[in-house]
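Per-entry structural report
One letter stands for each residue in the lines below.
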Amino acid sequence: MDREIEGILFDGQTAAPHAVRVVPAGDALLLLDVVSGAERANWPCARIRLVDGSLKAASGAALPSSFRIALVAPDGRLEPARLRLSAEAAGFILAAVPALQARRQEVSAMLKAQRYLLAGILGVMLLLAGFFAAVPLLANAVAQVVPTSWETRLGERLLPAVIPLLTRGGRGGICTQPEGKEALQRLMLRLEMAPPPMRLPITVTVLRSPMVNAFALPGGQILITSGLLDNVFNEQALAGILAHEMGHVNARHNVAGLLRSSAYGVMLGLLLGDVITGVGLVGGFQHVLDSAFSREFEAEADEAALRRLLAAGFDPAQVAGFFDRLAEHEAVLKLPGFLSTHPGSEGRAAFFRRHQQGVTPLLPGDWQAIRGICKTVVAAPLTAPLSAPAR
């Protein structure tokens, strides 16, 4: 065949188009520069594939305005160079490369399978994204209608499992010194009597542990550590921490967090084919998964604590000292902000410091009694939690 056609060659190395003449040469196509006549490429016909378009040489058949061909590499992928030809060249190309249509169909089938696979992956990703976005909202809504009796039983079952995690290592245990328990009961009663009213009675357990921690379980269970008591300056700061945890209890943040974790674990377990493993993995990554939502919960609990402290006659400004000390530890550790489930301690200190007021002190000796509550310690499991008296 002695015909020649012209096309536009993109060499895959630059964005510049090159006008070329396409000349059959045995079992190859020569691509010659239109201006200089120099050979730009030699394409073996056996390796030529149709990139897009639909070639039909029959008279009157609908043809695309242009189509592209390329070379296939030994590994089956198309090489980056592309030759764009006009629709009028379809008959010429099919005559020069008779098997091109069959090759195009084979490659198109592979590409179609790849597109289905990518579409399926994208669909799953969108489904998961929607799931993870909806779970927190649904968990918060469901938490508000969970029966109190169910929440209380859940907290009672979780407590014996959580205590060993905080008291592991030799001398840990539950602090039960009688004078300290009585003093803490009086402090808790004063907080509980302040508005807003509590949904359910609060149970406080003090644990001997070097950790500096306080948190609330479902059912009104509040745990604080001796490490925390060692780092608060006075009863005002301790009251602020307890009021904060009471804010979590009233808003059912702990129930919402548990529901959210369970939903994440079940979904991951279904994807892995092992629900138990999925729940375990979510437990390990829960700190990161919950960070944004926990910061929101912590801010809400701080606001609730402020209202309760003001009503109960405590000075919120004195809570700031505790957060000042935490801020110093954060500066030393230099933890990334997104890994912290609490707002920055500096900001929290400033929040409480803005609301200074006169205080109504505890009974003489109560603060020292609370500080000494761990002089008597019993081993877990807890059998008789420290509870505020019924009102």
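Here the structure is a predicted model, which means the values were calculated and not measured. (Residues numbered from 1 in each chain as written. Predicted model: local features only at pLDDT ≥ 70, side-chain atom pairs only at ≥ 80, totals over all residues. Heavy atoms only, no water.)

Further remarks concern the overall build of the protein. Check the secondary structure of the protein and you find 12 helices and 12 strands. A separation of at least 24 residues holds for 65% of the contacts in the protein among residues at least 6 apart in sequence. Carbon and sulfur atoms form 61% of the exposed surface of the protein, whose accessible area is close to 20,200 Å². (Helix = DSSP H or I, 4+ residues; strand = E, 2+ residues; numbered from the N terminus. Contact = heavy atoms within 4.5 Å. Areas by Shrake-Rupley, 256 points an atom, 1.4 Å probe, with all protein chains shown as cover.)

Quick look at unusual backbone geometry now. A cis amide bond, omega 0°, links proline 195 with the succeeding residue proline 196. Along the chain, proline 196 turns up in the loop between helix 4 (178-193) and strand 9 (203-208).

So, about the sheet that holds strand 12 (residues 377-378). Ordered in space as 10-11-9-8-12, the five strands form an open sheet in which the pairing is mixed. Edge positions in the open sheet fall to strand 10 (214-217) and strand 12, since each of these has one partner strand only. Strand direction decides the pairing type here: strand 8 (residues 173-175) and strand 12, joined by two bridges, are antiparallel. Residue pairing across strands places isoleucine 174 opposite valine 378, the latter belonging to strand 12. (Pairing = 2+ DSSP bridges.)

Before going further, it helps to examine the side chain of histidine 253. Examined against the element boundaries, histidine 253 turns out to sit in helix 7 (residues 253-272). One polar contact links histidine 253 to histidine 248, side chain to side chain, over a distance of 2.9 Å. With residues near it in sequence (within four places) discarded, histidine 253 still touches His248, Phe297, Glu300 and Ala301. (Polar contact = N/O pair within 3.5 Å; in protein donor to acceptor, adjacent residues only side chain to side chain.)

This paragraph deals with the pattern of salt bridges. One pass over the full model with this rule turns up five salt bridges. Arginine 40 serves as the salt-bridge partner of aspartate 33, at 3.0 Å between the closest nitrogen and oxygen. The exposure class assigned to aspartate 33 is buried, which follows from its relative accessible area of 12%. (Salt bridge = Lys/Arg side-chain N within 4 Å of Asp/Glu carboxyl O. Buried < 20%, exposed > 50% of the residue type's maximum accessible area, 1.4 Å probe, protein only.)

Another point: the pairing of strand 1 (residues 5-10). The side-chain alternation of strand 1 yields one buried face, formed by Ile5, Gly7 and Leu9, and one unburied face, formed by Glu6, Ile8 and Phe10. In terms of strand pairing, strand 1 meets strand 2 (residues 17-25) through six bridges, oriented antiparallel. Across the sheet, the residue bridging to leucine 9 is histidine 18, located in strand 2. The loop that links strand 1 with its antiparallel partner strand 2 comprises six residues; one of these, glycine 12, has a positive phi angle of about 80°. Taken together, the three bridges between strand 1 and strand 7 (residues 82-86) define a ladder with antiparallel strand orientation. Within the sheet, the bridge partner assigned to isoleucine 8 lies in strand 7 and is arginine 84.

Glancing now at the nonpolar core. Counting residues in each nonpolar core, the largest one holds 45 residues, and the members touching the most others are Leu187, Leu191, Ile222, Ile224, Leu238, Leu242 and Ile370. If you tally residues by element for this core, the top one is helix 6 (residues 235-251), at eight residues. Beyond its immediate stretch of four places on either side in the chain, leucine 238 contacts Leu184, Leu187, Ile224, Leu228, Leu229, Trp367 and Ile370. Counting residues in each nonpolar core, the second largest holds 25 residues, with Ile5, Leu31, Ala41 and Trp43 among its members. (Core = buried A, V, L, I, M, F, W, Y, C linked by side-chain atoms within 4.5 Å.)

On to the confidence of the model for the protein. Note: predicted coordinates in regions of low pLDDT should not be interpreted at a detailed level. For the protein, per-residue confidence averages 77 on the pLDDT scale, and residues scoring 70 or more make up 74% of the total. For the protein, helix 8 (residues 275-289) is the element with the lowest average pLDDT, namely 42, and helix 4 is the one with the highest, namely 94. Here residues 57-63 scores under 50 on pLDDT; set against residues more than four positions off or in separate chains, the count is seven contacts. Ignoring residues within four places in sequence, the model shows residues 275-293, a span with pLDDT below 50, making 32 contacts including any to other chains. (pLDDT = per-residue confidence, 0-100.)

With their axes 11 Å apart at the nearest point, helix 4 and helix 6 run at an angle of 55° to one another. It follows that helix 4 is oblique to helix 6 by the angle criterion. Crossing of helix 4 against helix 6: the hand is right-handed. Here Leu184, Leu187, Met188, Leu191 and Glu192 of helix 4 lie close against helix 6, whose contacting residues are Glu235, Leu238, Ala239, Leu242, Ala243 and Met246. A breakdown of the residues in the contact of helix 4 with helix 6 according to their chemical character gives nine nonpolar, no polar and two charged. (Axes fitted to C-alpha atoms, helices over the stretch in contact; angles between N-to-C directions. Parallel < 35°, antiparallel > 145°, perpendicular 65-115°, else oblique. Left-handed = near helix turned anticlockwise from the far one by under 90°. Nonpolar A, V, L, I, M, F, W, Y, C, P; charged D, E, K, R; others polar.)

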